[in-house]
Structure formats: structure tokens, C-alpha cells
Amino acid sequence: MLKRISTNQTKTMLLLMLVFTVVILLFSALVYFSIVNFSHQRFYELLKIRATTIVQIEKGKEHLDIPANHILNSTNDEELPMEKDYVFEVPRDSNYSQITSQIHIPDTFFKNIIKKGEDNYNDQEFYYIGQSFKSDDKTYIAIASAKNHYVVDYLGYLKRTLVTCMVLAIFFSMIFSFYLSKTLFKPILKITGKVKEISSENLHLRLEPQPGNTELNELIDTFNDMLNRIETSFETQNHLIGNVSHELRTPLTSIMGEADVALSQKRSEAHYQETLQIILDEAEKLDKKIKALLMIAQTGFDGKIQKMDKVRMDQLLWDVIETAKRINSKNNVYLDISMLPDNPKKLKVQGNEQLLHLAMANIINNGCKYSNFQQVKVSLGATDDHVYIIIKDHGIGIPDSEMDKIYDPFYRASNTKNYEGYGIGLPLARNIVRIHNGELIVNSKENVGTTVQIRFPIYVPTE
Ligand code: ADP
């Protein structure tokens, strides 16, 4: 992890440097080329003024007597560096070879001047502007040329300055990127170190929020939340193991005790029979508890339900109530259908019928048992997306302080001494509801009664 972070740190640093370098390069190139462009334009403008002046002067002369293929070196004052101006007559055959041998400019330049009236040209340092004009029915070309000292001197200087600035900027961006990436990853490295300290022995440790780092604090909060859940489930597991071993040992101790006593001396047949009956009863209890435990394990969070079907909750509840009455005629359950929706399709749930039956039966039987067989009201209703079942009794209720423990397997509230039970039905029912993406909430008041609310998402057919 540390290695990974440090490679990420290097990557971030390189990326930042790359971005900085590209920006600096682009910026320098932009500055350089816009100044080059400006200097070209500016110099051509100056040359153009010179060329126009030459044309005006030459046109003003009464007779322009320049022999063919002869170049008149204009005698203007030298206003631009190394300025040279030329005037010559355009050869009738358009053969400029004589001219080009004297001023080393390609003849396309002259042809363009004739075609467009004006053109410009430059080699490395020298810039030329030519204009054509007529005098005494003859066509002449006047050219003004000079050395562009901006390009030679100033742009060279600019180039050196920009390169120096670039090197310096890249160097500083390197230092800055290194510092920035280090600062960015520092809190992560700190958190990694802290996380490494956390193990099953010190699950109470939590990560401290980093001041002013919202994104990271969100991660820290999420991680701390996860630790809370892990710690709780760890404690529950420990608690569960304690409870389970105690619950399983009780019948086992009875069996061993009974057998021990019976074997300690010769007994009558009736005594043996009685002992065996007790052993059988205790063994059955053990069997029931182990089966229930297995069921809880199977319906745990990662439990997979074998068979999922469309289940109509009203039919299922009728069935559960009928079975409850058959098993114990004292069970008094009333199904309130006043909230039933018009459309029975809204009562369909995607689920495993046997598991749902088991969950509902556990809760309804609890209602009957803990209310000493007073009437238990089961209400069924539905909205557009959920089916609701409310089971209400007027029994002994659950003491407030024990409400959060009733979902622990084998936990039985302190007021249930006179009632038979193992403390497995409710956690099992909640697991079953949860694997059907539902929710089970218990509200209870001691000596007043208990209400269990269950909600399932309704069945949505998939095309
Ligand atoms: P039990 O076999 O003890 O009934 P359950 O797992 O079904 O176990 O329920 C766990 C505990 O929750 C019970 O021991 C009891 O304390 C409490 N409880 C559940 N349902 C009711 C209820 N309807 N009225 C009062 N207490 C209840």
C-alpha cells in the first residue's frame, strides 16, 4: 500500500510537472512567435513607406533615364539599417536573369510585383518590398530593402531570455510539484499508518479527522462507520458464542447428570424409564436449538434463499393463523383486512414461502404467548410499493432497557421466566425479513403490549 501510494505520489508529481512544462512551453512559444510576427509586420511597414517614397521621387523626375537591365541605386538617405533601394525598368521579355544576378532575389518576386503592383520578400536577415510604377509608358520596379535588426539582435536576445526563464520555471515547477504531491499524499500516508495499527485487539481505535480536508474526512467518517459496525458485530459474535455455548450446555448437563445419577446404583425399571424420558426431552430440546441455530446461520446476511416465488401475503397470513389455531386452540388471532388494497396484486411479495411462514408464525405465536392468549390483531395493508403487516398484542411487553438485545440469538427478556422459549424466533424472523429486502421494527411497552411492524417491497414482475 505504502509503495503504491509513493508510486502514485511520483506519478502525480510527474503529471504536474508535465502540465507545468507544457503550459510554460506553449506560453513561451506564443510570446516568441507573436513578437516575431509583430517585428515582421512592423519592419515591412517601415520598408513600405520607403518604397512609396522612392516611387514618388522617381515619378517626379521629368525623364527617368534608366537603361534596360540597369539598376539605379536610389540615393535616398539611409534611414533603415543597411538600407539599399533599387529602381529598374521591367525587361520587355520578362527575363529577369540580368537583374537577379545583381540583386540576389528570385525572379518570382519581380513577377509578383508586376502582377499585384506590390510584393514583399525576405531572406534570413534582409527584407525587401517592391512596387511597380509607370513613367514615360515604361514600367519600373522600385525596391526598398534593409536588414531587419530586430530579428537578428532583439529576437536572439528574446530567445535566450525565454529559454532561461523556461529552464528556471521548469526547475521551480519541479520543486513545487514535488512539494504539492507530498502535501497531498501526506494525510493518506498518515491514515495508512493508523489503519495498520488497528486489529481485532484494538477495534475501538478510530481515525482522527484531518482539519480542512473535506474529501478525506468523508473517507475517514466512512471508515470509522465501518469500524463501528465491525466492532458491534464482533461484540455480538462474542456474545453469541457465549450464549450459544451456555444454551447448548444446559440440556447436555441435564442429560449427563440424569445418566450419571441413574448409573450410580441399580435402579428400578420405572426409574430407568423416567430417566430415559428426561434424557429424551433434553435431547429434543438440544435438537431444536441446534436446528434453530442452523436456520439462523442459513438466513444470515450472506444466506442464499433456495427458492423464490410470488407469495400472496394475505393467503400466507390466513395459513399461519389457521396453523396457529390448530396447534393451540387457545391462540386467538384476528386478521384485520380493513386496510387491504383493492388490487390483490399489491399483496404479492417475491420470497420463499416456507421461510416467510416461519417468520410470521414466530411473531404471531410470541404475541399469543406473551399476552397469555389474549387477542392478537394482525393487520395487512399495502401501498404502491410496499406490503405492510402489523402484529399487535396486549401482553407483558419488553422492558425498555432490554429492547436492543432482543435480536441477539438466545436472549430472552427478564420478564419471560414464566414463558417457554429459546430466544431464537425473533432474530430468525428478522433475518428472514431482511433477506427479503424488508424491515422489521419492534415497539413495546412493558405491561402494555408489543407491536411488530413488518414491511416488504411488493413483487414487481420482470419482463
Ligand atoms: P422466545 O422463544 O423467548 O419467545 P424470541 O426470539 O421469539 O424468543 O423473542 C426474543 C425475546 O423477545 C423474547 O424472549 C421476549 O423477551 C421478547 N419478545 C418477543 N416478542 C414479544 C412479545 N410479543 N411480547 C413480549 N416480549 C416479546
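Residues numbered from 1 in each chain as written. Predicted model: local features only at pLDDT ≥ 70, side-chain atom pairs only at ≥ 80, totals over all residues. Heavy atoms only, no water.

Draft legend 1. Here's a closer look at the sheet that holds strand 1 (residues 72-73). Spatial ordering of the open sheet is given by 1-2-5-4-3, a layout of 5 strands whose pairing is antiparallel. Two strands in the sheet have a free side with no partner beyond their single neighbour: strand 1 and strand 3 (118-122). Two elements, strand 3 and strand 4 (residues 126-135), share 5 bridges in a ladder whose sense is antiparallel. Considered in strand 4, the bridge of Asn 122 is made with Tyr 127. Sheet strands in contact with helix 3 (residues 107-116) are strand 2 (84-89), strand 3, strand 4 and strand 5 (138-147), and its direction is about 155° off that of strand 3. (Pairing = 2+ DSSP bridges. Helix = DSSP H or I, 4+ residues; strand = E, 2+ residues; numbered from the N terminus. Contact = heavy atoms within 4.5 Å. Axes fitted to C-alpha atoms, helices over the stretch in contact; angles between N-to-C directions.)

Draft legend 2. Summary view of the packing of helix 7 (residues 313-327) against helix 8 (residues 353-370). Packing of helix 7 against helix 8 leaves a shortest axis separation of 10 Å and a crossing angle of 55°. Judged on the interaxial angle alone, helix 8 and helix 7 are oblique. Read as a crossing pair, helix 7 and helix 8 show a hand that is right-handed. Residues Met 313, Leu 316, Leu 317, Asp 319, Val 320, Ile 321, Thr 323 and Ala 324 of helix 7 touch helix 8, and the partners they reach there are Glu 353, Leu 356, His 357, Met 360, Ala 361, Ile 364 and Asn 365. (Parallel < 35°, antiparallel > 145°, perpendicular 65-115°, else oblique. Left-handed = near helix turned anticlockwise from the far one by under 90°.)

Draft legend 3. Representation of the site of the ligand in the model. Taken together, 20 residues are adjacent to the ligand, and Asn 366, Tyr 370, Arg 412, Ala 413 and Leu 426 come closest. One of the side-chain nitrogen or oxygen atoms of Asn 366 is found 2.7 Å away from an oxygen atom of the ligand. Note that an oxygen atom of the ligand is positioned 2.7 Å from one of the side-chain N or O atoms of Tyr 370. For the ligand, whose accessible area on its own is 530 Å², the fraction buried by protein is 96%. A total of 4 residues in the shell around the ligand trace back to one element, the largest contributor, which is helix 8. For the shell around the ligand, a count of residues per class yields 9 nonpolar, 8 polar and 3 charged. (Near = heavy atom within 4 Å. Polar contact = N/O pair within 3.5 Å; in protein donor to acceptor, adjacent residues only side chain to side chain. Areas by Shrake-Rupley, 256 points an atom, 1.4 Å probe, with all protein chains shown as cover. Nonpolar A, V, L, I, M, F, W, Y, C, P; charged D, E, K, R; others polar.)

Draft legend 4. Quick look at the UniProt feature "transmembrane region" (unreviewed entry) in the protein. UniProt records the feature "transmembrane region" (unreviewed entry) at residues 12-35 and 161-180, using the numbering of this structure. Along residues 12-35, the helical share is 100% and the strand share 0%, with 34 Å between the first and last C-alpha atoms. (UniProt positions renumbered as here; feature names shortened; annotations may be inferred.)

Draft legend 5. Representation of the nonpolar core. The biggest cluster of nonpolar side chains holds 47 residues, and the ones touching the most others in it are Ile 389 and Ile 454. In terms of residue count, the dominant contributor to this core is helix 8 (8 residues). Look past the residues within four positions of Ile 389 in its chain and what remains in contact with it is Met 313, Leu 317, Met 360, Val 378, Ser 379, Leu 380, Val 452, Gln 453, Ile 454 and Phe 456. Grouped together as the second largest cluster of nonpolar side chains are 16 residues, Tyr 44, Leu 80, Tyr 140 and Ala 146 included. (Core = buried A, V, L, I, M, F, W, Y, C linked by side-chain atoms within 4.5 Å. Buried < 20%, exposed > 50% of the residue type's maximum accessible area, 1.4 Å probe, protein only.)

Draft legend 6. Representation of the domain arrangement of the protein. The assigned domain composition of the protein is domain 1 (2-152), domain 2 (215-298) and domain 3 (309-457). Each of domain 1 and domain 3 has a C-alpha centre, and these two points are 97 Å apart. (Domains from an automatic or database assignment.)

Draft legend 7. Expanded view of the side chain of Asp 336. Mapped onto the elements, Asp 336 comes out in strand 7 (residues 333-336). One polar contact links Asp 336 to Ser 338, side chain to side chain, over a distance of 2.7 Å. Setting aside its immediate chain neighbours within four residues, Asp 336 contacts Lys 377, Val 378, Ser 379 and Leu 380.

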